[in-house]
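So the chains spell out like this:
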Amino acid sequence: MRILLFIGVLTAPLALAEPTAREVQDIHLRDFHSKGIVKKEAAAQDAVQRICTVTNDRPGAEIAKQLEADQMKTIAFPAGGLMGDWKRGEDIAQSGRGMTWTDSATAPNGGSCYNCHQMAAKEISYGTLGPSLQGFGKKRGGGADTQKYVYGKIYNAKAYNACSQMPRLGWSGSLTEQQIKDLVAYLLDPASPVNQ
Amino acid sequence: MKGLALLLLAFPLWAGAQDAKKEIEKYQQMLGEGSPAELWELEGEALWKKAQGPKNASLEKCDLGGGPGKVAGAYARLPRYFKDTDQVQDLESRLLTCMTALQGRDRAETTKRLFGNADRPSEMEYLVAYVVGQARGHKMAAPVSHPKERASYELGKKVFFYRAGNWDFSCASCHGEQDKRIRMQDLPVLSEPAGAQKAYTTWPAYRVSNSQLKTMQWRINDCYRQMRFPEPEFASESTIALTHYLAVTAKGAPYNGPGTKR
């Protein structure tokens, strides 16, 4: 990995047509502007975004481990129980609102979960970019460790898989602590339609 | 839509899903026949020929790459390098150049209304409809021979795979894997010829949900909105490069637009 990066640095100036990662970021920062609630600075990359981009989402095992450890530190696990209300969780899973430049800062955001995941059997309009979560709680149980894993995964998916395509919904401020708890219940509560 | 909901109640779930898919296919087929895009093309042709601006000139001498006034098939060979501006331009950016150079209009005025809505349409969307309609049946052949074209293509590829924004997405997050969808919407893989050809040759398109003909610049703009990115500048180097990358990846397929989308 390190050797590859080193060779990359040496040959980059020779490959005239191909811009470097830094140049590509500078071009984005020049060509994108703030609008609504989205700031222009969001076009810049943090470590996860940069490394996943340059490695085609396949960083070496060592680098992935380091990134995941760093991302794990961003997760603020609340004290006490992590199971919220699955009924509120369902609304959050259904809603695709929030965080775009046409969304308001004050309306509650959704989790856009159904955009990518199958969840309750009765909802046939689901996306397939992420794995199916149908019967998730039935398969995994609802123990404290599972609750913690689900909370953490929704809060910052990159703590578990550095280049996951899933947004860091808690870390990015998309969902509140209570909303994530409600989603934990939607996935794990035996009464939730996800587990029916 | 109500009919669809009733169907879903009446049948077992798997049958519901099959029926919903069939209904959507039927709907898309109906959309394809007798497209309102033709009205945009006609309006666009009138605007193309209309004398406007301080120089009271039409766009009929606009050089879209094949020489002044050559419209037929021009869109199939865009984006490309233009000597007079010394840059790679897509259709929209080239139209802005012609409005300034031929009609003497200033940039602020020509860019005031780049995206229209049902109440207030946009001149840009009409003009784009006309020009792309004149390329129907022409094989996609965006050039990559000039050094600036090669650089633009390479940048476009980087832009396509660039992960950023509040949700860490790149274009490839949704358009990088076969047989994926968002909700019920199928997603083409735009980094491969088959997917790029299917998508690129049917854009720009009349979009039923907007009641408007939407341009490629709009398509890219709205993707970035949904990706939770900040807004890209219209006809900026990034968006032209991305368009160029997609156009080159789509090469060889006959242009079949302007299409009709949901």
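Nothing here was measured: the structure is a model prediction, and the numbers come from that model.

**Q** Go over the overall build of chain B, please, and point to the residues and values.
**A** Each helix and strand in chain B was counted, giving eleven helices and eight strands. In chain B, 67% of the contacts between residues at least 6 apart in sequence involve partners at least 24 apart.

**Q** Tell me what's going on with the overall build of chain A, and back it up with residues and numbers.
**A** Within chain A, the regular secondary structure consists of nine helices and one strand. For chain A, the sequential pattern of α-helices and β-strands runs α-α-β-α-α-α-α-α-α-α. Overall, the C-alpha framework of chain A stretches about 60 × 40 × 35 Å when taken along its three principal axes. Out of the 196 residues belonging to chain A, those deemed buried represent 42%. For chain A, the proportion of contacts with a sequence separation of at least 24, taken over those separated by at least 6, is 58%.

**Q** Lay out the nonpolar core with the relevant residues and their values.
**A** Core analysis: the biggest nonpolar cluster contains 66 residues, and Y75, A129, V131, Y200 and L246 of chain B have the highest contact counts within it. Looking at this core element by element, the count peaks at eight residues for helix α6 (residues 123-133) of chain B. In terms of nonpolar packing, the next biggest core, distinct from the first, is built from 25 residues, A93, A120, V150 and Y155 of chain A among them.

**Q** Break down helix α3 (residues 37-49) of chain B for me, with residues and values.
**A** Taking 1.5 Å per residue as the helical rise, α3 of chain B with its 13 residues ought to reach 18 Å, and the 19 Å between its terminal C-alpha atoms agrees with that figure. Looking at the buried residues of α3 of chain B, the elements they touch are α6, β5 (205-207), β6 (212-214) and β8 (259-261) of chain B.

**Q** Can you lay out the confidence of the model for chain B for me, pointing to particular residues and giving the numbers?
**A** This prediction gives chain B a mean pLDDT of 91; 88% of its residues lie at or above 70. For residues 1-13 of chain B, every residue scores under 50 in pLDDT, and the model assigns this stretch eleven contacts once sequence neighbours within four places are set aside.

**Q** Outline unusual backbone geometry, supporting the account with residue identities and numerical values.
**A** All names here are of chain B. Following L78, the chain continues into P79 via a peptide bond in cis, with omega recorded as -5°. By the element assignment, P79 lies in the loop between α3 and β1 (80-82). Going from G257 to P258, the amide bond is cis rather than trans, its omega being -10°. Structurally, P258 can be placed in the loop between α11 (237-249) and β8.

So, how was this worked out
Residues numbered from 1 in each chain as written. Chains lettered and ligands numbered in written order. Predicted model: local features only at pLDDT ≥ 70, side-chain atom pairs only at ≥ 80, totals over all residues. Helix = DSSP H or I, 4+ residues; strand = E, 2+ residues; numbered from the N terminus. Contact = placed C-beta atoms within 7 Å. Buried ≥ 20, exposed ≤ 12 C-beta atoms within 10 Å, placed from the backbone. Core = buried A, V, L, I, M, F, W, Y, C linked by C-beta atoms within 7 Å. Expected span 1.5 Å × (residues − 1). pLDDT = per-residue confidence, 0-100.

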